[in-house]
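Observations on the model geometry
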Amino acid sequence: MKCRLTEVRYSLNGISESQMNFLFSQLDRLESQVIIKRLTDRRLTLSPDDIVLEGMFPSDLINALSRSFPPPLSFKVEVDNSEYLKAYTGFEWNQTTLLYCGVSLLPYETMQQMINFENAWQYIRLITTTEAGSILRSWLAVKPKGLISVTKNSLEFILPMHRIDLLLLWLDRLQTEVIDLNWISGSTGEIAGELLQHLGSLNQARLPVLETWISRTSASEDLDFQRLFARAMVAIPF
C-alpha cells in the first residue's frame with residue numbers, strides 16, 4: 001500500500017462499549033504503538049466528544065477499524081504524491097492550508113460529463129445545498145460539506161463518505177490508473193464484495209430529481225465557503 005495511515009478521529013458518542021473493548025484488544029496485539037487521546041478543546045472538535053488514534057497503522061488494524069466502526073470523522077494519510085488528487089477535485093480552496101472541496105471517486109471531468117453541470121461552482125452548490133449530495137453519495141470521496149486538507153506529503157480526509165480501507169484502496173489506485181465506472185462497479189475485480197456492498201450504487205430512480213436540482217442551481221451567485229464548510233474547517237489548524 002502506497003498510502004500510510006497515521007491518524008484516525010472518531011466520535012466517542014458513536015462508539016459502543018463493545019466496540020471500545022474490541023479496539024483495545026486490537027491495540028494490545030500491535031507490535032507498533034498506536035495511542036488514543038481525547039480532544040478537550042471544543043474549538044477543534046468535530047463532535048461533542050472526539051477521540052484520536054495516532055501512530056502507524058498496520059493493515060490488520062485498518063481492516064478491523066473499517067469493518068467494525070462507522071466511517072471516521074477524519075483520518076490522515078502520508079502519500080508519496082498528492083498531485084493526482086487534483087483531477088478528482090471540484091474546487092481548490094487556498095487558505096493557509098490548501099483545501100480540496102467536492103472530491104469525488106471519479107475524475108471531476110467524468111462527473112461533469114455524466115451529470116452535465118456547467119462549472120465547479122455549480123457542482124459545489126449542487127452537492128452542498130440540494131438532495132444531489134445524497135443521490136451521488138456512492139461517487140463522493142468525502143461528504144458534500146467535507147474537505148481534504150493537503151500538504152506536501154499528507155492528506156487529511158475530513159468527514160469522509162466511506163470506509164477507510166476503501167478510500168485507501170482508491171488513493172493507491174488513482175496514483176497509477178484513472179478511476180472509472182468499471183473500477184467503482186467492481187467489474188475489474190479489484191474491490192472486494194464487502195467493500196462494494198458498502199459503496200453502493202447510484203439510484204437510477206432518483207436521476208429525474210437530480211436533473212431538477214441541476215436546473216435549479218445554474219445561477220452564478222457567489223458561494224459562501226466559510227459557511228458551507230464551517231464544520232469541517234474546525235479540524236484544520238490555522
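Heads up: the structure comes first, above all this text.
One structure accompanies this document, and this report is about it. (Residues numbered from 1 in each chain as written. Predicted model: local features only at pLDDT ≥ 70, side-chain atom pairs only at ≥ 80, totals over all residues. Heavy atoms only, no water.)

So, about the environment of Leu 61. As for its position among the elements, Leu 61 is in helix α2 (residues 59-68). Here Leu 61 falls in the buried class, since its relative accessible area comes to 1%. Distance in space between the C-alpha atoms of Leu 61 and Thr 110 is 34 Å, their sequence separation being 49 residues. Setting aside residues up to four positions removed in sequence, Leu 61 forms contacts with Gln 26, Leu 27, Leu 30 and Val 34. (Helix = DSSP H or I, 4+ residues; strand = E, 2+ residues; numbered from the N terminus. Buried < 20%, exposed > 50% of the residue type's maximum accessible area, 1.4 Å probe, protein only. Contact = heavy atoms within 4.5 Å.)

Take the sheet that holds strand β4 (residues 74-78) next. Pairing in this open sheet of 8 strands is antiparallel, and the strands run β2-β3-β1-β4-β8-β7-β6-β5 from one edge to the other. Every interior strand has two partners, whereas the edge strands, β2 (34-38) and β5 (89-94), have only one. Across the sheet, the mean angle from the axis of one strand to that of its neighbour is 20 degrees, orientation sign disregarded. Note: β4 against strand β8 (residues 154-160), 5 bridges, orientation antiparallel. Bridge pairing links Ser 74 to Ile 158 in β8. Together, β2 and β3 (50-55) form the strand contacts of helix α1 (residues 17-28), whose direction differs from that of β2 by roughly 145 degrees. (Pairing = 2+ DSSP bridges. Axes fitted to C-alpha atoms, helices over the stretch in contact; angles between N-to-C directions.)

Position of Ala 87 relative to the elements: it lies in the loop between β4 and β5. Taking the C-alpha atoms as reference points, Ala 87 and Glu 109, 22 residues apart in sequence, are found 7.7 Å from one another.

Our focus in this paragraph is the side chain of Thr 217. With respect to the secondary-structure elements, Thr 217 resides in the loop between α9 (207-216) and α10 (225-228). Among the polar contacts made by the side chain of Thr 217, one reaches the side chain of Gln 122 at a distance of 3.4 Å. Polar side-chain contacts of Thr 217 include one of 3.2 Å to the backbone oxygen of Ile 214. Other than its neighbours up to four places away in sequence, Thr 217 contacts Gln 122, Arg 125, Leu 126 and Thr 130. (Polar contact = N/O pair within 3.5 Å; in protein donor to acceptor, adjacent residues only side chain to side chain.)

As paired strands, β5 and strand β6 (residues 98-103) are joined by 5 bridges and run antiparallel to one another. If you follow Phe 91 over to β6, its bridge partner there is Cys 101.

Moving on, we come to the pattern of salt bridges. Going through the model one piece at a time under the given rule, you end up with 13 salt bridges. Close ionic contact of Arg 4 with Glu 78 constitutes a salt bridge, the shortest N to O distance being 3.5 Å. Separated by 74 residues along the polypeptide, Arg 4 in strand β1 (residues 4-11) and Glu 78 in strand β4 bring together distant segments of the chain. Given a relative accessible area of 29%, Arg 4 falls into the partly exposed group. In this structure, Glu 54 engages Lys 37 in a salt bridge whose closest nitrogen and oxygen atoms are separated by 3.1 Å. Here the residue Glu 54 occupies a position in strand β3, and Lys 37 occupies one in strand β2, the gap between them amounting to 17 residues. Under the relative-accessibility criterion, Glu 54 is labelled partly exposed at 24%. (Salt bridge = Lys/Arg side-chain N within 4 Å of Asp/Glu carboxyl O.)

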